[in-house]
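Reading the structure
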Amino acid sequence: MTSFQSQLGEGEGIAEELAQTQRAISIAEFFEKNKHMLGFDSDARALVTAVKEAVDNALDACEEAGILPDIYVEIQEAGDYYRLVVEDNGPGITKEQLPKIFGKLLYGSRFHAREQSRGQQGIGISAAVLYSQLTSGKPAKVTSRPKGQSEAQYFELIIDTDTNEPEISVDETTTWERPHGTRIELEMEANMRARSSLHDYIQDTAVVNPHARIEFMEPGLDEPLKFERVEDAGLPAETSEIRPHPHGVELGTLLKMLAETDSYSVSGFLQAEFTRVGAKTADKVIANFNDYHYGRGMAWQPPQAHADESIEDAVEAAVANKGADATAAFAKAVSDAIHDSDRVAHHEIAAIVDEAADDIEAEYGTTFGATVTENAVEAAWDAVVAQRQSDLYGLVDDATSTRKDDAAVEGLAGRLVDKFGDSRHRVTRKDLRDYVDRAADMTEEHDDATFGETARENIVDALWAAAVRVPDDPPNVSAVADDRDTASDLLTAMRETDIIAPPTDCLSPITAELVEEGLRKEFDADFYAASTRDAAVHGGDPFVVEAGIAYGGDLPAEGPVEVMRFANRVPLVYQRGACATTDVIKGINWRNYNLDQPGGSGIPNGPAVIMVHVASTNVPFTSESKDAIANIPEMEDEIELAIREAARELKSYLNKRRSMQQRRKKQNKLATILPEMARKLTEVTGNEELVIDDSLARIMNNVLVERAVEDGTVRLVVENNDDTNADIELTDIVTAEPTDTNGATVVEMDGEWFVKWSQTVGAGERAVLEYSVADEAEFTVSVDGVEDEKLTVNA
């Protein structure tokens, strides 16, 4: 027995005594004891998490206000603790809102918004405040100056974990040099063992937010590390909130929406509450909904001419006291209309009878009342369904294998006949499956004929196709909201209706261009590539995947490539092994892209960086700490496709580089051999020494550029010995002013003239650039558009 149980009395009153110990707990109290769930599970990681939450808030605030972010992050040693300071140039926070933002968990403005944002839950920065007060006992110090105000507001506060409310100890105005922005200062138990992770987070944030400028200062640095914004980089595209998509709603959410909507009809509800649902789409959903809610009307073939009783005779017999001619005309009209249909359901016969009654009344002046028309409908319907066994035989026979003998098909069809007991033969697809299963089981038991799963499903498909949708109006919204099963039918209909994917103006991807610029800004590499996929959908939420690759240069040549993971422009620092991005990268065969991958799987080796960014209105994280993306198949597919797009460019680059290396090797050998051959030939033949300056270019199929200067005329000849066209950008830098440049562009700079010429030189062709100089001059030629390995310059 536990010590708690030993204190309880025996016998009566135990339940009441136990009840006295029960109480509600606040969210702050919960996370006070479960801070590891928010990423504060160690002193080293806690500091990184606190920096991350503060920087994310700063970036969001600046972007929402249309301000290019300038963010300052500083870590200071403070006795037994570390002090974290984060400042931004955002719009500031009002006096009323500031305590709640920093001193109340689950307080925010983005939780219900279906648009891309870094934070949504309202936990991040307040969790950092909670961790700070738990470990140091000191309050958070927050300064904020809203844009346009002359003074800043200064608060010192903690979170009352019993009530999840801010407890303010200092509230005063102060001066601050920033014209607008927010500063937070926290002291906490921490250490710098995760310094590399901290540096990675700051650098990764700079890569994926190329519009931001970040300064970072820590103990041991003489001056802050500065991460400048990409030149001319603008703010991310503004996003718009969207309504939920019908394919991503769950039953409980749907019931809540039905209860809260102002719409009366299901059609109005669908169009008002969901994105991508117009009148036509709503009609499709309602048609599917009616299939589930009302079922379809089973339609049967009209009886053949040799039937025992014709439709015309049956209808005529059911009508009394309406005059012989009018009755006969009425019966014939009904019979003709039914026989004009391949199949007819009960509600269709009712419509035919009503139309015939109106026509006969107009022609004969005889009124057919409700009782008469009802009798006529039932008489016609009885005549039609009398032949349903032969009809069912045909449907079953067509739907099953030709190996089924007639007796088995006849037995199944005969047993199905009795299943349609409803007077109108209305059935749902589930009803049909039950009918077929029971009839098939009985046929197997009595006739020793087996109908497998495929045959049964084919029969159900055939019967369902023969049934027709009913014209009944769907129940109104309140009726659907009051019946869980009806609401479930509506949800199923929504999910099965083909509805266009949600709009993507709720997303703000980085774009491939800025992904590449971000990599260029932070990594000195030889090659960069990036890709941005078109939007895809998971659970009704749109998302976009982007990938980037940097290769070579100063990147470490040994060991695994660096993997950078992002979600909504936020670096994912921890739980790399539990992330879908990592799993996808491991599953790609990188040998196909010329990267080393021991064992054929896992993270590849080489001097490369692979980055992946997922932008979504609802990123499926694996935990509250938002460190890893869950293994969602739709998202994994898009991640792989985005990586492969960038990797194909890497493969082309590496193949070309390998080819150029081989070419350079060959040229170096020829450059050694050709002069020696020329010398030997001269010795053997006794002739003058051979001029071999152009030979190497022609042997290697290079583009050859030669210069000749004669009587003040400068002639540059470009000879393309390759079998493909060459797009040449040739610039001749001359120390005297050129004349007669024949259309070339001339720019003077610091006493030198740049004569520029752009032209495509066809395979095997030559092109000439001529100009004149009056005085003696020096020349320097520059050629762009041709790889060095394919270029020979004798000028």
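Residues numbered from 1 in each chain as written. Predicted model: local features only at pLDDT ≥ 70, side-chain atom pairs only at ≥ 80, totals over all residues. Heavy atoms only, no water.

Overview of the overall build of the protein chain
Looking only at helices and strands, the protein chain features 24 helices and 26 strands. Its C-alpha atoms put the protein chain at 125 × 95 × 55 Å along the principal axes. The burial tally for the protein chain puts 48% of its 795 residues in the buried class. Considering only contacts in the protein chain between residues 6 or more positions apart, those separated by 24 or more positions represent 70%. Accessible surface, the protein chain: about 38,700 Å² in total, of which carbon and sulfur atoms supply 44%. Charge-centre separation for the protein chain: the mean point of 75 positive side chains lies 5 Å from the mean point of 149 negative side chains. (Helix = DSSP H or I, 4+ residues; strand = E, 2+ residues; numbered from the N terminus. Buried < 20%, exposed > 50% of the residue type's maximum accessible area, 1.4 Å probe, protein only. Contact = heavy atoms within 4.5 Å. Areas by Shrake-Rupley, 256 points an atom, 1.4 Å probe, with all protein chains shown as cover. Lys, Arg positive; Asp, Glu negative; His and termini not counted. Charge placed at Lys NZ, Arg CZ, Asp CG, Glu CD.)

Thoughts on the sheet that holds strand β23 (residues 752-761)
As summarised here, the arrangement of the 4 strands in space is β22-β23-β20-β25, forming an open sheet in which the pairing is antiparallel. The open sheet has two edge strands with one neighbour each: β22 (745-749) and β25 (779-784). When the angles between neighbouring strand axes are averaged without regard to direction, this sheet yields 20°. Looking at chain direction, strand β20 (residues 726-734) and β25 are connected through 6 bridges and run antiparallel. Bridging across to β25, I733 finds its partner in T780. (Pairing = 2+ DSSP bridges. Axes fitted to C-alpha atoms, helices over the stretch in contact; angles between N-to-C directions.)

Some thoughts on a negative patch on the surface
A cluster of acidic side chains, namely D354, E355, D358, D359, E361 and E363, defines a negative patch on the protein surface. Note that D358 resides in helix α13 (residues 346-364). (Patch = residues over 30% accessible without salt bridge, like charges linked within 9 Å, V, L, I, M, F, W, Y side chains within 5 Å. Salt bridge = Lys/Arg side-chain N within 4 Å of Asp/Glu carboxyl O.)

As for the sheet that holds strand β21 (residues 738-739)
Strands sit in the order β21-β24-β19-β18-β26 across an open sheet of 5 strands; the sheet is mixed. Two strands bound the open sheet, and with one partner strand each, they are β21 and β26 (791-794). The sheet contact formed by strand β19 (residues 713-720) and strand β24 (residues 766-773) spans 7 bridges and is antiparallel. Considered in β24, the bridge of L716 is made with L769.

Things to note about the environment of A350
Considering the arrangement of structural elements, one finds A350 in helix α13. The spatial distance from the C-alpha of A350 to the C-alpha of P633 is 49 Å, given a sequence separation of 283 residues.

Description of the pairing of strand β5 (residues 165-174)
With 9 bridges connecting them, strand β4 (residues 152-160) and β5 associate as antiparallel partners. Paired with E156 across the strands is V170, a residue of β5. Joining the antiparallel neighbours β4 and β5 is a turn of 4 residues, in which N164 adopts a positive phi near 55°.

What to know about the packing of α13 against helix α14 (residues 370-385)
The interhelical angle for the contact between α13 and α14, taken along N-to-C directions, is 135°, at an axis separation of 9 Å. Taken together, the axis directions place α13 and α14 in an arrangement best described as oblique. Note on packing geometry: the crossing formed by α13 with α14 is right-handed. Contacts between α13 and α14 involve H346, I349, A350, V353, D354 and A357 from the first element and T373, A376, V377, E378, A380, W381 and V384 from the second. (Parallel < 35°, antiparallel > 145°, perpendicular 65-115°, else oblique. Left-handed = near helix turned anticlockwise from the far one by under 90°.)

Topic: the pairing of strand β18 (residues 703-710)
As defined by bridge partners, β18 adjoins β19 across 8 bridges and the pair is classed as antiparallel. Note on β19: the bridge partner recorded for E706 is V717. As consecutive antiparallel partners, β18 and β19 are separated by 2 residues, and within that stretch D711 has a phi angle of approximately 50°, a positive value. In the sheet, β18 pairs with β26 via 4 bridges, with the strands oriented parallel. Within β26, the position partnered with V705 by the bridge is V793.

Focus: the pattern of salt bridges
One pass over the full model with this rule turns up 41 salt bridges. Here R433 makes a salt bridge to D437, at a shortest N to O gap of 3.0 Å. Taken together, the residues R433 and D437, both in helix α17 (residues 429-447) and 4 residues apart, mark about one turn of the helix. Linking E770 and R715 is a salt bridge whose minimum nitrogen-to-oxygen distance equals 2.6 Å. With E770 in strand β24 and R715 in strand β19, this residue pair connects regions lying 55 residues apart in the sequence. One continuous salt-bridge network, built from bridges that share partners, spans R429, R433, D437, D441, E444, E453, R456, E457 and D461.

Remarks on the confidence of the model for the protein chain
Across the protein chain, pLDDT averages 86, with 91% of residues at or above 70. Every residue in residues 109-114 scores below 50 in pLDDT, and together they form 18 contacts with partners more than four places removed in sequence or on other chains. (pLDDT = per-residue confidence, 0-100.)

Remarks on helix α16 (residues 406-417)
With 12 residues, α16 should reach 16 Å at 1.5 Å per residue; the first-to-last C-alpha distance of 16 Å fits that figure. Check the buried side of α16 and you find it contacts α15 (388-399), α17 and α18 (453-466). (Expected span 1.5 Å × (residues − 1).)

Remarks on the side chain of K52
If you trace the backbone, K52 turns up in helix α4 (residues 43-64). Among residues more than four places away in sequence, those in contact with K52 are Y201, V570 and P571.

Looking at the environment of V436
Within the secondary structure layout, V436 lies in helix α17. As a C-alpha pair, V436 and N702 span 266 residues in sequence and 77 Å in three-dimensional space. Each residue touching V436, except ones within four places of it in the same chain, is listed here: L412, L416, R456, I459, V460 and L463.

Some points on unusual backbone geometry
One non-glycine residue, D232, lies in the positive phi region at around 70°. By secondary structure assignment, the location of D232 is in the loop between β8 (225-227) and α8 (251-260). What makes D232 exposed here is its relative accessible area of 75%. Of note, N321 is a non-glycine position whose phi angle comes to about 60°, a positive value. In this fold, N321 is placed in the loop between α11 (311-318) and α12 (324-339).

Looking at the packing of aromatic side chains
One pass over the full model with this rule turns up 7 aromatic pairs. Here F330 and F368 contribute two aromatic rings whose centre-to-centre distance is 4.5 Å and whose plane-to-plane angle is 25°, an arrangement assigned as stacked. Of this pair, F330 sits in helix α12 while F368 sits in the loop between α13 and α14, placing them 38 residues apart in sequence. We note that F330, like F368, is buried. Ring centres of F420 and Y435 lie 5.3 Å apart, and the angle between their planes is 75°; this geometry places the pair in the edge-to-face category. A residue pair is termed long-range when its members are at least 10 positions apart, and F420 in the loop between α16 and β10 (426-427) and Y435 in helix α17 qualify at 15 residues. Taking the relative accessible area as the measure of exposure, F420 reaches 4% and is therefore buried. These aromatic residues form a ring-pair network of at least three members: W300, F420 and Y435. (Phe/Tyr/Trp six-rings, centres within 6.5 Å; stacked < 30°, edge-to-face > 60°.)

Focus: the packing of α17 against α18
The relative placement of two packed helices is expressed as an angle between their axes plus a distance between the axes. One can describe the packing of α17 onto α18 by two numbers: an axis separation of 9 Å at closest approach and a directional angle of 135°. One element, α17, and the other, α18, form an angle in the oblique class. The interaxial crossing formed by α17 with α18 has right-handed handedness. Note on element contacts: α18 touches α17 through E453, R456, E457, I459, V460, D461, L463 and W464, opposite R429, L432, R433, V436, D437, A440, D441 and E444. Split into classes, the residues belonging to the contact of α17 with α18 amount to 7 nonpolar, no polar and 9 charged. (Nonpolar A, V, L, I, M, F, W, Y, C, P; charged D, E, K, R; others polar.)

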